[in-house]
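Summary of structural features
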2 protein chains.
Amino acid sequence: MRYRDKHVIVTGGLGFIGSNLSLRLVEEGARVTIFDSAVQGCGANRHNLAPAGGRINVLVRDIGQAEEVPALLATANVIFNLAGEISHVRSMKDPVRDMKLNTVAQLNFLEACARNVAGVRMVHAGTRQIYGVPRYLPMDELHPVEPVDFNGIHKAAADSYHALFARSGALDACVIRLSNVYGPRMALNVTGQGFLGNFIRKALVGDTIEIFGDGTQLRDPVFVDDAVEAFLAAGCAPKLEHRVFNLGGPAALSLSEIGSIMASESGVKVEHKPFPSDLKTIDIGSYHTNSSRLMGDFGWAPTTTFRQGLKKTLGYFRLHLPNYLESRDWPRAQELLASVPVAISE
Amino acid sequence: MRYRDKHVIVTGGLGFIGSNLSLRLVEEGARVTIFDSAVQGCGANRHNLAPAGGRINVLVRDIGQAEEVPALLATANVIFNLAGEISHVRSMKDPVRDMKLNTVAQLNFLEACARNVAGVRMVHAGTRQIYGVPRYLPMDELHPVEPVDFNGIHKAAADSYHALFARSGALDACVIRLSNVYGPRMALNVTGQGFLGNFIRKALVGDTIEIFGDGTQLRDPVFVDDAVEAFLAAGCAPKLEHRVFNLGGPAALSLSEIGSIMASESGVKVEHKPFPSDLKTIDIGSYHTNSSRLMGDFGWAPTTTFRQGLKKTLGYFRLHLPNYLESRDWPRAQELLASVPVAISE
């Protein structure tokens, strides 16, 4: 019980990964405080925390206003910093909004933490999107940072802030750069949260999954429990050997393979389509991760295959449809559910 | 006369490099408009433009407000984007200010340009500081971006904005990452503008030059005329083969060598001192540039040795002391001038 009686702050804790992490922390015996601005469309969902039954202290507050609760910051043993806007598409439509959410707010938050709880361990959720179009695969942490969208630029700046506070000793910070995490509590109804959420929503309601391009592009989906395990490891390691870690899944799969697995697990149809022009600009082609630094430093490894993770994910959402789908989608999803012979668990 | 009758916008044109560039553009027959916010302490100096005799249109305006003059933007043939705060030290004291000047303002400016003069050639002044501590030397454009101060983080974001607008076709933008440019019109009295301005000021007033550390650290000073020539080449090249260029000087010199050359040209004394702790955090050790991309794409080369450039620089400042030194320093500088047998030229 690495986190027993620790006070742990999770920013973005109402969101997909943040809520899964917070629930695990509660299981580990931590006292959890969540900062979440609950910005419309960023994926915050109070239902995500239902299993905690009120044992988590939730502050609906922008991380940029953390300075207002100095006493709370001062008692933190570990901070998991997952707040942010992750939509690449939306960042292209409103870059100034994206900058405020991902850069300005982060700078203010880190300054408040450095003032009130100097030297605290902080683990930031970064994104592989900051690397841009891969120059080589699998991608390690030394790959050039060449973001292809505003979200990537602003997330890169946020990563750099963490590195800088770590360099000066003001915070004991590191960054875990995530790639295509999926699992229970994904924001299925929020656009721009990655293709996997979109695919899973379609699998639940029986819509045809559209794969853009020839389907040979690679991705390495990470099941959320595996990602959470990496955060927990980084949060409690006695000493950080590195400040940046890439986190990927157990295997590189083509979009066609991902589609096939989804079809066989849910009965959904898969169709190939030409790439839409507005997505082409921010497409990065194939991507998969070299996670060996994370493995070497923490003994971490992604253990959930995509098929296993998908089963768990569909199982979760089938039990909680009304909390993640629009009401007009419920009947279709329930009808499909009745017709597909899948085990429901969790 | 590559720029004859072109309308050229220069942001930061009251500053050191911007003013030298603007004056050369006037010589080349361009119609020059300067945007300069004249922010206190950023190096703007109206005397810099004296040789143009009013032939340059100066708008004292933040680049973030460029949207207010759409008709002016719309007629630009080329934009040289040199506005910004360059003090690393000040960025560490007030990171939010640095973010506003270097990131927020740039994003607003680029959006205004993309709306009003879509596809225009834009050449942005970047800095090698964004690379952080060199992993190898000489440093090329593929080096990881690992800034060690807030200024580096925000300048990196500004570079990425330019790359992104170029990628989408909204602007025909590129970035020239500069390293230790020196020459006439340096902001000698503004702190945090690099060690060379500091050294040159001391050479003019007779103060002892202090070299921190053992003096073996390398730098490759670039004479401003050479830097200006690279901007001009990038501004009028029919097609850009790359979007990022590193620009360095003709030779890597140790700080001790730089000190010796300064001593022999000005009579100034040089002293070695331990590194002050507040500078240690943002020190990057040795640095020199691989400029081969710039050379290959534009046939550019730095032709001015440090000794030649220094002679020209001291000569310029000796003619214009009151515009660049505090008044209490004038008598000392003039006294020194009378006693040192140097040719004055410009």
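One numbering rule holds for all chains: residues counted from 1, following each sequence as written. Each chain takes a letter, starting from A, and each ligand takes a number, starting from 1, following the order in which they are written. Residues qualify for local features only when their pLDDT is at least 70, as the model is predicted, and side-chain atom pairs are given and counted only at 80 or more; totals for whole chains, interfaces and linings, by contrast, use all residues. The basis for every side-chain value is the complete set of non-hydrogen atoms in the structure, without hydrogens or water.

**Concerning the overall build of chain A**
Scanning chain A from terminus to terminus reveals 13 helices and 13 strands. As defined in this context, the radius of gyration uses C-alpha atoms, and a globule is described by 2.2 Å times the residue total to the power 0.38. Taken over the C-alpha trace, chain A has a radius of gyration of 19 Å; the compact-globule value for 346 residues is 20 Å, and the two agree within 12%. Overall size of chain A, expressed as C-alpha extent along the three principal axes, is 55 × 45 × 40 Å. Whether a residue is buried, partly exposed or exposed follows from its accessible area with a 1.4 Å probe, protein chains only, as a fraction of its type maximum: under 20%, in between, or over 50%, in that order. Buried positions account for 56% of the 346 residues belonging to chain A. Note on definitions: a residue-residue contact is assigned when non-hydrogen atoms from the two residues lie within 4.5 Å. A sequence separation of at least 24 residues applies to 81% of the contacts in chain A between residues at least 6 apart. Shrake-Rupley sampling with a 1.4 Å probe provides the accessible areas, and residues are treated as covered by the protein chains on show and by no other component. Surface accessibility of chain A: about 13,100 Å² in total, with carbon and sulfur atoms responsible for 52%. Positive charges are assigned to Lys and Arg, negative charges to Asp and Glu, while His and the chain termini are left out of the count. Think of each charge as sitting on NZ of Lys, CZ of Arg, CG of Asp or CD of Glu. Between the mean site of the 35 positive side-chain charges and the mean site of the 35 negative ones, chain A shows a separation of 2 Å. Starting at the N terminus, helices and strands are each numbered in turn, a helix being any DSSP run of H or I of at least four residues and a strand any DSSP run of E of at least two.

**A look at the side chain of B:Thr103**
Inspection of the secondary structure puts B:Thr103 in helix α4 (residues 95-116). Here B:Thr103 falls in the buried class, since its relative accessible area comes to 2%. Ignoring any residue separated from it by four or fewer positions in sequence, one finds B:Thr103 in contact with A:Met99, B:Asp98, B:His154, B:Ala157 and B:Tyr161.

**Some words on the relation of the copies chain B and chain A**
The superposition of copies rests on a least-squares fit of C-alpha positions from residues with pLDDT of 70 or more in both. The two copies are related by a screw operation: chain B maps onto chain A through 180 degrees of rotation and 0.0 Å of translation along the axis, at an RMSD of 0.0 Å. This pairing of chains is accounted for by a two-fold axis. Proximity to the rotation axis, assessed at the C-alpha, singles out B:Pro144 in chain B; its C-alpha lies 2.5 Å from the axis. Here 97% of the contact residues of chain B are again contact residues in chain A; the copies associate through an equivalent surface.

**A short note on the environment of B:Arg97**
Residue and element names in this part refer to chain B. Along the chain, Arg97 falls in helix α4. Considered as a pair, Arg97 and Asn151 are 54 residues apart in the sequence and their alpha carbons are 10.0 Å apart. If we ignore the near neighbours within four places in the chain, the residues touching Arg97 are Val39, Gln40, Cys42, Glu85 and Arg90.

**Overview of unusual backbone geometry**
Look at the link from A:Leu137 to A:Pro138: it is a cis peptide, with omega at -10 degrees. Mapping A:Pro138 onto the fold places it in the loop between β5 (121-127) and α5 (150-168). Phi is positive for B:Ala38, which is not a glycine, with a value near 50 degrees. Tracing the backbone through its elements, the reader meets B:Ala38 in the loop between β2 (31-36) and β3 (57-60). For B:Ala38, a relative accessible area of 35% translates into the label partly exposed.

**Focus: the interface of chain B and chain A**
With 30 residues of chain B in contact, the opposing surface of chain A contributes 29 residues. The term buried area means the drop in 1.4 Å probe accessible area that two parts suffer when joined, counted for both and summed. For chain B, the biggest contributors to the area lost against chain A are B:Ile153, B:Leu164 and B:Arg167; these three give 25% of the whole. By convention in these notes, a salt bridge is any Lys or Arg side-chain nitrogen within 4 Å of a carboxyl oxygen on Asp or Glu. The interface formed by chain B and chain A contains zero salt bridges. Counting of polar contacts relies on pairs of N or O atoms within 3.5 Å, with two restrictions inside protein: one atom must be capable of donating a hydrogen and the other of accepting it, and residues adjacent in sequence are counted only when both atoms are side-chain atoms. The interface formed by chain B and chain A contains two residue pairs in polar contact (both at pLDDT 80 or more). At the level of elements, α4 and α5 (150-168) of chain B are the ones that each hand at least two residues to the side of chain B that touches chain A.

**Re helix α1 (residues 16-27) of chain A**
An α-helical turn contains 3.6 residues, so any two residues separated by three or four positions project in the same direction. Residue and element names in this part refer to chain A. For α1, built from twelve residues, the straight-helix expectation of 16 Å at 1.5 Å per residue is met to within 8% by its first-to-last C-alpha distance of 17 Å. Summarising burial for α1: ten of the twelve residues are buried, a large majority. Residues Phe16, Ile17, Gly18, Ser19, Asn20, Leu21, Ser22, Leu23, Leu25 and Val26 constitute the buried set of α1. Each helix should span, by expectation, one fewer than its residue count multiplied by 1.5 Å.

**Description of the confidence of the model for chain A**
Fine structural detail should not be taken from predicted coordinates in areas where pLDDT scores are low. Scored from 0 to 100, pLDDT records how confident the predictor is in each individual residue. With 97% of its residues at a pLDDT of 70 or more, chain A shows a mean pLDDT of 93. Across the interfaces of the predicted complex, the ipTM metric reaches 0.87, alongside a pTM of 0.91.

**Observations regarding the pairing of strand β2 (residues 31-36) of chain A**
Residues and elements named next belong to chain A. Of all six residues in β2, five are buried; the element is thus mostly enclosed. Pairing of strand β1 (residues 7-11) with β2 involves five bridges; the strand directions are parallel. Residue His7 lies in a different strand from β2, and its bridge partner there is Arg31. Note on handedness: a clockwise path from strand one over the helix to strand two, with the strands aimed away from the viewer, defines a right-handed crossover. Crossover β1 to β2 through α1 is right-handed. Strands were regarded as paired on the criterion that DSSP finds at least two bridges between them. Of the strand pairs in this sheet, β2 and strand β3 (residues 57-60) are connected by four bridges, and their pairing is parallel. In the sheet register, Thr33 faces β3, and the bridge partner there is Asn57.

**Here's the deal with the side chain of A:Ser254**
Residues and elements named next belong to chain A. Mapped onto the secondary structure, Ser254 falls in strand β12 (residues 253-254). Residue classification places Ser254 among the buried positions, given a relative accessible area of 10%. Ignoring sequence-local partners within four residues, the contact set of Ser254 consists of Gly215, Thr216, Gln217 and Leu218.

**Re the packing of helix α6 (residues 195-205) of chain B against helix α11 (residues 306-319) of chain B**
All names here are of chain B. Relative to each other, α6 and α11 sit at 60 degrees, their axes nearing to 11 Å. Taken together, the axes of α6 and α11 lie oblique to each other. When you trace α6 past α11, the crossing you get is right-handed. Facing Leu196, Ile200, Ala203 and Leu204 of α6, the residues of α11 in contact are Phe306, Leu310, Thr313, Leu314, Phe317 and Arg318. In this count, Pro and Cys sit with the nonpolar residues alongside Ala, Val, Leu, Ile, Met, Phe, Trp and Tyr, while Asp, Glu, Lys and Arg are called charged and the others, Gly among them, polar. Classifying every residue of the contact of α6 with α11 by side-chain character gives eight nonpolar, one polar and one charged. To define axes, lines are fitted to C-alpha atoms, for helices over the stretch in contact only, and angles between the resulting N-to-C directions are given on a 0 to 180 degree scale. Throughout, the term roughly parallel applies to angles under 35 degrees, roughly antiparallel to angles over 145, roughly perpendicular to angles from 65 to 115, and oblique to all others. By definition, any crossing whose near helix is turned counterclockwise from its far helix by less than a right angle is left-handed, and any crossing with a clockwise turn is right-handed.

**What to know about the domain arrangement of chain A**
Residue and element names in this part refer to chain A. Those domain boundaries reflect an automatic or database domain assignment. Each assigned domain of chain A is listed with its residue range as follows: domain 1 (7-183 + 222-246) and domain 2 (195-218 + 251-287 + 305-337). In this assembly, 20 residues from domain 1 lie in contact with 19 residues from domain 2. Buried surface at the junction of domain 1 and domain 2, both sides included, amounts to about 1,700 Å², of which 66% is carbon and sulfur. Summed over the three residues of domain 1 that lose the most area to domain 2, namely His47, Arg128 and Tyr182, the buried surface amounts to 30% of that side. Between domain 1 and domain 2 we count zero salt bridges in total. Put simply, domain 1 and domain 2 have four residue pairs in polar contact (both at pLDDT 80 or more) between them. Considering each element in turn, the side of domain 1 that touches domain 2 owes the most residues, three residues, to helix α3 (residues 88-93). Classifying every residue of the side of domain 1 that touches domain 2 gives nine nonpolar, nine polar and two charged.

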